[in-house]
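Observations on the model geometry
Take a look at the letters that make up each chain.
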Protein chains: 2
Amino acid sequence: MRATTIHGTRDIRLSEVPNPSLRRDTDAIVRVVAGCICGSDLWPYRGENPITVGNTIGHECIGEVVEIGASVRDIAIGDFVVVPFDHCDNTCPHCRVGMQSVCENLGFTVSGQGEFVLVNQADGTLVKVPGVPDSGLYPSLLALSDVMPTGWHAAASARVKPGDTVVVVGDGAVGLCGVLAAAQLGAERIIALSRHEPRQRIATAFGATHVVAERGKQAADAVAELTDGVGADAVLECVGTDESMRTALKVARPGATVGYVGVPHGVQLPVNAMFSRNVGIAGGMAPVRAYLPDLLQRVLSGAIDPGRVFDLSLPLEQVAEGYAAMDERRAIKVMLTP
Amino acid sequence: MRATTIHGTRDIRLSEVPNPSLRRDTDAIVRVVAGCICGSDLWPYRGENPITVGNTIGHECIGEVVEIGASVRDIAIGDFVVVPFDHCDNTCPHCRVGMQSVCENLGFTVSGQGEFVLVNQADGTLVKVPGVPDSGLYPSLLALSDVMPTGWHAAASARVKPGDTVVVVGDGAVGLCGVLAAAQLGAERIIALSRHEPRQRIATAFGATHVVAERGKQAADAVAELTDGVGADAVLECVGTDESMRTALKVARPGATVGYVGVPHGVQLPVNAMFSRNVGIAGGMAPVRAYLPDLLQRVLSGAIDPGRVFDLSLPLEQVAEGYAAMDERRAIKVMLTP
């Protein structure tokens, strides 16, 4: 099949690779209808994460089930499914408390920017979309494989509750989905930290009531001004750098929690400052499967349209251009169709 | 008045110092009926925290109000009161959400191991004990000025809920009060990490269902064994060292929160491990005033008897021996009577 492979810093190619095949009788193979590029794919793209030359890349997709293992019961060939980037059995002790991202049988989508993907634990992982969805829904369904549940996890980890003032640090697709999640959870004021006009527009459409374009100390000052010096009831950290985490901790009011979902890169948590202000952190890799049934209903009912984060759609052949567009911030998030 | 002063490493003296006097019309002066030595006093005693030579020390006490400022309304001369170690106005935005330890008018008891203390924000800080309590109640009332609310804050920050399996790291007075708090909050299994027999006995009396004498990796292995490899639903970190924090994070199940209340000394939070396991932390200095009315009722009704952590009572003159006894672990916590 054709799939995206990574070969070095800013060296992304569409290659011919072997089709994935069932390895266990709980597996399924899904034909990718739409995949996409994740902000986290830019870490290896930029040479900031180690890579294995020639490996496939891409962990988000939706598609049609084309093959199932002998013990798969709840998913059938022909089903249209959302594929959570993190695969889980949905029955282990961690899954049972909503921590599917630490499943005892954890797996990952590894060729989502390709034609087919292997799904481990198909019954536990996949969520079926009723009927055959209209292609106009593809972007929002695709967002459910990672960014929307990840933004939701930030909000849930930060314990956003009705009436809260919430700050969202990061205006990538996950941060924007975090704004949408905070709004759905009843936040009264949502302050989005963003200095890119197209992203500010989506943040506002998703429910941000205020946009702060400053960074670092200036951003913290602006939030202090907006909150009468008190700080935010909940903070979503959707970047993963030391600077963004420090900003997130600074704008949180005492007793608040920073929900963080960006894979930490060089983050040093200032434990004494956290202690003295009683500001906690919670989060990690999102348990997509935990949130997916609810989020799917919200998409199908029209309550949320997270697909708006896709501002560029390219045929799979142009995947390299998709990476460049995101790297250079010409695009927020790129959808790829095989 | 006579008060305890610190002069260097392991150099504690009872000295003659000026009586405290009212500085603001919201202040009060309390005559100390009983004070005590805190585990955190051992940091400067051992030379691990900077000191100012000759300063008074001691932040826990109960006593009788002997003087009040002109604007004090809710507290009267003659009242028997518990003095939270952290003073607060109980009206600022932080106090109103239960974060009195980050009050905009924060103050501290600084001569609790002496005859009199100055209390800032008397109306916000002090909680009156009805009538004249029997001296048999002094230890439990005294525990309410710091260790019991601090243990409670660990449990509240860790979000202990009925039915939980809870691990308590640290068998000092705060850790033991954490066991008691977890039991009051309905924990089903409470695993106390303790290797000192007298402390194990109190932990068990306070509600610990299991005692683990191992430390570090061995302790984590023992907890894993007890929890079928899953980990604890909530963890209380009541020490403040890097080793104890790492143990606390290790024994927490994915999705759990470590509630920490020991002032961090050399703690380096392993953010990537926390992220990959979705284990959060919350806590800090305890907002004593937030918990005090409820805890006082529990003491007066006999539901809790946190005073059991005092296993040595000395006249104030022997304060130096009290420090030595705690430093050498001959005593868990020492009560001092002027």
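Here, every reference points to the structure presented above.
Read on for an overview of the structure. If you're wondering where the values come from, they're calculated on a predicted model, not measured in any experiment. (Residues numbered from 1 in each chain as written. Chains lettered and ligands numbered in written order. Predicted model: local features only at pLDDT ≥ 70, side-chain atom pairs only at ≥ 80, totals over all residues. Heavy atoms only, no water.)

A closer look at the relation of the copies chain B and chain A
Copy one and copy two of the chain differ by a rotation about an axis and a translation along that axis. Rotating chain B by 180 degrees about the axis while translating it 0.0 Å along that axis superimposes it on chain A, leaving an RMSD of 0.0 Å. What we have between these two chains is a two-fold relation. Of the C-alpha atoms belonging to chain B, the one lying closest to the rotation axis is found on Ile281 of chain B, 2.8 Å away. Here 100% of the interface residues in chain B have copies in chain A that are interface residues too; the copies meet face to matching face. (Least-squares fit on C-alpha atoms with pLDDT ≥ 70 in both. Contact = heavy atoms within 4.5 Å.)

Considering helix α7 (residues 197-206) of chain A
Residues and elements named next belong to chain A. Every buried residue of α7 is listed here: Arg199, Gln200, Ile202, Ala203 and Phe206. In an axial view of α7, the angular spread of the buried residues amounts to 165 degrees, which keeps them on one side of the axis. Buried residues along α7 sit in contact with α6 (173-184), β11 (189-193) and β12 (210-212). Where α7 terminates, the next one or two residues include Gly207, which has phi positive at roughly 125 degrees. (Buried < 20%, exposed > 50% of the residue type's maximum accessible area, 1.4 Å probe, protein only. Helix = DSSP H or I, 4+ residues; strand = E, 2+ residues; numbered from the N terminus. Arc of directions from axis to C-beta.)

Quick word on unusual backbone geometry
Positioned with a positive phi, Gln121 of chain A is a non-glycine residue whose angle comes to about 50 degrees. Considering the arrangement of structural elements, one finds Gln121 of chain A in the loop between β8 (116-119) and α3 (122-125). On the basis of relative accessibility, which here comes to 16%, the residue Gln121 of chain A falls in the buried class. Despite not being glycine, Arg159 of chain B shows a phi value in the positive range, around 55 degrees.

Some points on the interface of chain B and chain A
Each side of the interface is counted separately: chain B has 34 residues, and chain A has 34 residues. The tally of links from chain B across to chain A stands at zero salt bridges. Contributing elements (two or more residues each) for the side of chain B that touches chain A: α2 (93-96), β15 (252-260), α10 (271-277) and β16 (280-283) of chain B. Ranked by the residues each element gives to the side of chain B that touches chain A, the list is headed by α10 of chain B, at six residues. Residue composition of the side of chain B that touches chain A, grouped by class: 19 nonpolar, 12 polar and three charged. (Salt bridge = Lys/Arg side-chain N within 4 Å of Asp/Glu carboxyl O. Nonpolar A, V, L, I, M, F, W, Y, C, P; charged D, E, K, R; others polar.)

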